[in-house]
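So you can see what is in the structure, the chains are spelled out below.
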Amino acid sequence: MMNNEHYRELGGREFRDHCISLCRSGFTLRLMFATDERENEGCFKIYVVFSETGKDSFQIPFLKLKGDDLSYHGLTPDIPAVHWYEREIHDMFGLTPEGHPDLRRLVFHDSFPGDSYPLRKDWKISEAELREWGEGLVRKEPYHFMEVKGEGVYEIPVGPVHAGIIEPGHFRFSAVGETIFFLEPRLFYTHKGTEKLFEGFGFSEGVRLAERVSGTSSFSHGTAYCMAVERMSGTDIPEKAKAIRTLLLELERLYNHVGDIGNMCAGTGLAVGYAAGALIKEKLMQLNERVSGSRYLRGVNVIGGVTKDIFQYADDILTTLETATGDYKAFMKLLLGAISHVERLENAGQLSREIAMKLGVTGVAARASGVNDDIRKAHPHLLYDRLEFEPHTTTRGDVFARMMVRAEEAECSISMIHALLERNYGRELAAEVKDVSPHACALGYTESPRGSLFYWVKSDAEGRPLRVKLRSPSYCNWPAVPFAVHGNIVPDFPLCNKSFNLSYSGCDM
Amino acid sequence: MIKEILKNITGKKQAIRFPGGSAVSPEDAAKIPALQEGMGKVFRRSLRIRQVDGGSCNACEWECTALTNPVYDVERFGIGFVASPRHADALLVTGPVSRQMELALRKTYLATPEPRLVIALGDCAVDGGIYKGSYAVTDGVANVIPVDCFIPGCPPSPAEIIAGVLRLLEELARRK
Ligand code: SF4
């Protein structure tokens, strides 16, 4: 296994300048996170991970924060894509990015105590504080929504409990007539302390938790997490396990994309399209259950490989895919022929390439706005270097574009599954897992149905988890939604939102 | 077409077929017509549910959504999902109830007219599931509002959810 992670320690100013210059020379920002390593090294560390353009390599500059001065030169003014990361690090570790234009709390809501940083190793919280946090009656650190003033501007607050069967989040629209002038989402209602929880689990138990971070990306999360731990311990997984993971990643993408396209019909009121999409998705989920024992492909991944030989169901997969492909073609024909549907999608929720780049948008949303980025190509892993495919991009940037990118990728997934099933890969399902050495760290990543997904793990002196950082694609894409809906009418918001189909649970951690 | 519809109206045959390999046993599925009877007695053929996400991973919600797809189509039993707690007979709560959702869940509960039922759906909702013990969750719906019925599973499949609702109906019929 080639190591493609290049760590480099830099001091305060240098760190900032280096990050800015990487960004200027076209490197892609992937994630930023902090660790509390006071016990061993007497410092906090802040890492930023960049992908080198056109090369399978990660540049990872990091900064040490020692002593009492827990602030650093913020990067946000120069690299807008880190604006959430810096706020999150501020919430979780109490490290202050100087010069950040908006340091309101991101993760924690008003009733969470100030000066309380859960990811610090010595963090404690009293029962009473926890109770008050849940009751939500005392506003300890009030959050101020941005206000739009002017004639005819009014606010529409929506959520966290919505009308449909969806996840919770609060949206505050400032509208002029029917038109959305400004939208401020307030998320993190589903914050479950997942990263802290990982630290209490062992590395191998962590797989179950990773699979439960975001329901419809269960397999991607499991894979990225396992990959991180495997890379950290220097475990090479067998060919067969790679093939099975690749196959299931594509099955996951397929059921998600088909389901998402169907769900967009709910946004335009095309009931027949919605039902048709749901039906194909259901068939694919039943296939998931038959081959893996779980409709969400859970329980297959383990550190070192997989537990089940999915290839023994090759016939079932092929026949199901055959009918699904037929249904899917008819379904797309139906949608593209429904003028009332297509008209609503065209030009709605436009996200420009420039904003997508600046905010570090990922996945379908990025590719639909002309950003050619796909982890499967940028950092080939598993068997992706042997499969033929091209990332699908278009420059339209609207809801229609996001639907079409999904449609093309779904077809591409089907052909990849066929290609995978054609070959033989030996019999071994899992490698023996080597012990995790102390103070080791590594990245794990994959392209989930929603976009790039990262895990970073580090072990402590005993080889147990010191830090597990997870970065879901939704975390990158949420900040882009307000830009996409600006100028649209309020009734089109659900449609725009569905076209991004972001996970709240994955984002809120 | 008209013929088909007429046949469906007059025919006694139940249009219930669960996917092979589903975790619910055939006996459970055979009990489904009883669900319809129970529905008739207890809820006058209509049970309106408001789904509330208490910080789930979202798989539990997707299984609820699947209940409305053409395969399970729970509308045919009179079960439907409504947009507001004020229209609901029952709350179907998923997730371990994150602390940041606790207040919203309480408010939703208070907005639901009495008599109201609460169903806790999924391992997380039962006792916190995998998230049990985390600082940011309350370890289950019952720690926030009173619960009438637990449906475990991670996530429970659509067929299991239907079977769970059936159990609740039986229980209610007995209580009556
Ligand atoms: S019970 Fe399982 S599927 Fe349901 S919310 Fe919890 S982790 Fe997700």
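Residues numbered from 1 in each chain as written. Chains lettered and ligands numbered in written order. Predicted model: local features only at pLDDT ≥ 70, side-chain atom pairs only at ≥ 80, totals over all residues. Heavy atoms only, no water.

Topic: the overall build of chain B
Helix and strand counts for chain B come out as seven helices and five strands. Helices and strands appear in chain B in the N-to-C order α-α-α-β-α-β-β-α-β-α-β-α. Per-residue burial for chain B yields a buried fraction of 56% across its 176 residues. When contacts within chain B are restricted to residue pairs at least 6 apart in sequence, long-range pairs at least 24 apart make up 78% of them. Accessible surface, chain B: about 8000 Å² in total, of which carbon and sulfur atoms supply 54%. (Helix = DSSP H or I, 4+ residues; strand = E, 2+ residues; numbered from the N terminus. Buried < 20%, exposed > 50% of the residue type's maximum accessible area, 1.4 Å probe, protein only. Contact = heavy atoms within 4.5 Å. Areas by Shrake-Rupley, 256 points an atom, 1.4 Å probe, with all protein chains shown as cover.)

Some points on the overall build of chain A
Of regular secondary structure, chain A possesses 19 helices and 14 strands. Taken against the 2.2 N^0.38 rule, which gives 23 Å for 509 residues, the C-alpha radius of gyration of chain A at 23 Å falls within 12% of a compact globule. Along the longest, intermediate and shortest principal axes, the C-alpha atoms of chain A span 65 × 65 × 45 Å. Counting only residues that meet the buried cut, chain A has 63% of its 509 residues in that class. Once local pairs closer than 6 in sequence are excluded, the contacts in chain A between residues at least 24 apart make up 70%. (Rg over C-alpha atoms; globule rule 2.2 N^0.38 Å.)

What to know about the nonpolar core
Counting residues in hydrophobic clusters, the biggest one holds 166 residues, and the most contacted among them are L95, Y225 and Y455 of chain A. The dominant element in this core, judged by the number of residues it contributes, is helix α8 (residues 239-268) of chain A, at 13 residues. Residue-level mapping places this core at the junction of two domains, with at least three residues from each of domain 1 (5-143) and domain 2 (217-469) of chain A. In this structure, L47, C64, C149 and I161 of chain B belong to the second largest nonpolar core, which totals 22 residues. (Core = buried A, V, L, I, M, F, W, Y, C linked by side-chain atoms within 4.5 Å. Domains from an automatic or database assignment.)

Observations regarding the interface of chain B and chain A
Tallying the contact residues gives 48 residues for chain B and 50 residues for chain A. Carbon and sulfur atoms supply 61% of the area buried between chain B and chain A, which totals about 3900 Å² over both sides. Area buried by chain B at its contact with chain A is led by Q100, I130 and Y135 of chain B, which between them contribute 23% of it. Put simply, chain B and chain A have one salt bridge between them. The partner of E63 of chain B in a salt bridge is R295 of chain A, with the nearest N and O atoms 2.6 Å apart. Linking chain B with chain A are 21 residue pairs in polar contact (both at pLDDT 80 or more), by the criterion used here. The set of elements that each furnish at least two residues to the side of chain B that touches chain A consists of β1 (47-53), α4 (59-67) and α5 (99-111) of chain B. The element that contributes the greatest number of residues to the side of chain B that touches chain A is α5 of chain B, accounting for eight residues. Counted by class, the side of chain B that touches chain A contains 26 nonpolar, 14 polar and eight charged residues. (Buried area = accessible area lost by both parts, 1.4 Å probe. Salt bridge = Lys/Arg side-chain N within 4 Å of Asp/Glu carboxyl O. Polar contact = N/O pair within 3.5 Å; in protein donor to acceptor, adjacent residues only side chain to side chain. Nonpolar A, V, L, I, M, F, W, Y, C, P; charged D, E, K, R; others polar.)

With respect to the site of the ligand
Neighbouring residues of the ligand: R212 and R298 of chain A together with S56, C57, A59, C60, G122, D123, C124, G153, C154 and P155 of chain B. Each residue belonging to the shell around the ligand can be placed in one class, and the counts come to six nonpolar, three polar and three charged. (Near = heavy atom within 4 Å.)

Regarding the packing of helix α10 (residues 314-337) of chain A against helix α15 (residues 399-422) of chain A
All names here are of chain A. Running from amino to carboxyl end, α10 crosses α15 at an angle of 160°, the nearest separation of the two axes being 11 Å. Here α15 runs roughly antiparallel to α10, going by the angle between their axes. Considering only the axes of α10 and α15, their crossing is left-handed. For the pair α10 and α15, contact is made by A314, I317, L318, L321, T325, Y328, M332, L335 and L336 and by F400, M403, M404, A407, A410, E411, I414, I417, H418 and L421, respectively. Within the contact of α10 with α15, the residues separate by chemical class into 16 nonpolar, two polar and one charged. (Axes fitted to C-alpha atoms, helices over the stretch in contact; angles between N-to-C directions. Parallel < 35°, antiparallel > 145°, perpendicular 65-115°, else oblique. Left-handed = near helix turned anticlockwise from the far one by under 90°.)

A word on the domain arrangement of chain A
A common way to report how large an interface is uses the accessible area buried once the components associate. Residue and element names in this part refer to chain A. Structurally, chain A comprises domain 1 (5-143) and domain 2 (217-469). Once you take the C-alpha centre of each, domain 1 and domain 2 turn out to be 29 Å apart. With 28 residues of domain 1 at the contact, the number on the domain 2 side is 21 residues. Both sides of the domain 1 and domain 2 interface together cover about 1900 Å² of buried area, and 58% of this is carbon and sulfur. Our enumeration of links across domain 1 and domain 2 arrives at four salt bridges. For the salt bridge of R231 with E5, the shortest nitrogen-to-oxygen distance reads 2.6 Å. Joining domain 1 to domain 2, the criterion identifies 11 residue pairs in polar contact (both at pLDDT 80 or more). For the side of domain 1 that touches domain 2, the secondary structure elements donating two or more residues are β1 (5-9), β2 (28-37), α2 (38-41), β3 (43-51), β4 (58-66) and α3 (83-93). Ranked by residues supplied to the side of domain 1 that touches domain 2, first place goes to β2 with eight residues. Within the side of domain 1 that touches domain 2, the residues separate by chemical class into 13 nonpolar, five polar and 10 charged.

Some details on α10 of chain A
Residues and elements named next belong to chain A. For α10, with 24 residues, the first-to-last C-alpha span of 34 Å sits near the 34 Å given by 1.5 Å per residue. Among the residues of α10, A314, I317, T320, L321, A324, T325, Y328, F331, M332 and L335 are the ones counted as buried. As for α10, its buried residues are in contact with α8, α9 (271-292), α11 (339-345) and α15. (Expected span 1.5 Å × (residues − 1).)

A word on the sheet that holds strand β8 (residues 170-176) of chain A
Residue and element names in this part refer to chain A. Pairing in this open sheet of three strands is antiparallel, and the strands run β7-β8-β9 from one edge to the other. The outermost strands of the open sheet, each flanked by one partner alone, are β7 (153-158) and β9 (179-186). Put simply, the sheet's adjacent strands are angled 20° from each other on average, direction ignored. (Pairing = 2+ DSSP bridges.)

Focus on the sheet that holds strand β2 (residues 79-81) of chain B
Residues and elements named next belong to chain B. Judged by pairing direction, the sheet is parallel, and its five strands sit side by side in the order β2-β1-β3-β4-β5 without closing on themselves. One side of each edge strand has no neighbouring strand; the edge strands of this open sheet are β2 and β5 (149-151). Direction aside, neighbouring strands of the sheet carry axes that sit 30° apart on average. Bridge count for β1 against β2 is three bridges, and the pairing is parallel. Of the residues in β2, the one forming a bridge with I49 is F81. Relative to β5, helix α7 (residues 158-175) is tilted by about 160°, and along the sheet it contacts β1, β2, β4 (117-121) and β5.

Things to note about the environment of S233 of chain A
All names here are of chain A. Structurally, the position occupied by S233 is in helix α7 (residues 218-233). With 217 residues separating them along the chain, S233 and R16 place their C-alpha atoms 31 Å apart. What S233 contacts, discounting residues up to four positions off in sequence, is V433, K434, D435 and V436. At a separation of 2.8 Å, a polar atom in the side chain of S233 contacts the side chain of T235.

Regarding the packing of aromatic side chains
Tallied over the full model, the rule gives 27 aromatic pairs over all chains. Judged by centre distance (6.2 Å) and plane angle (85°), the rings of F198 of chain A and Y455 of chain A are edge-to-face. Here the residue F198 of chain A occupies a position in helix α5 (residues 194-200), and Y455 of chain A occupies one in strand β13 (residues 451-459), the gap between them amounting to 257 residues. Each member of the pair F198 of chain A and Y455 of chain A is classed as buried. For the ring pair W478 of chain A and Y504 of chain A, a centre distance of 4.9 Å and an interplane angle of 65° mean the geometry is edge-to-face. Taken together, the residues span a long stretch of sequence, with W478 of chain A in the loop between α16 (473-477) and α17 (481-485) and Y504 of chain A in helix α19 (residues 504-508) at a distance of 26 residues. Like Y504 of chain A, W478 of chain A is buried. Three or more aromatic residues link up through ring pairs in this structure, and these residues are Y7, F33, Y47, F62 and W456 of chain A. Residue placement shows K192 of chain A over the ring face of Y131 of chain B; its charged tip is 5.2 Å from the ring centre. (Phe/Tyr/Trp six-rings, centres within 6.5 Å; stacked < 30°, edge-to-face > 60°. Lys NZ or Arg CZ within 6 Å of the ring centre and 35° of its normal.)

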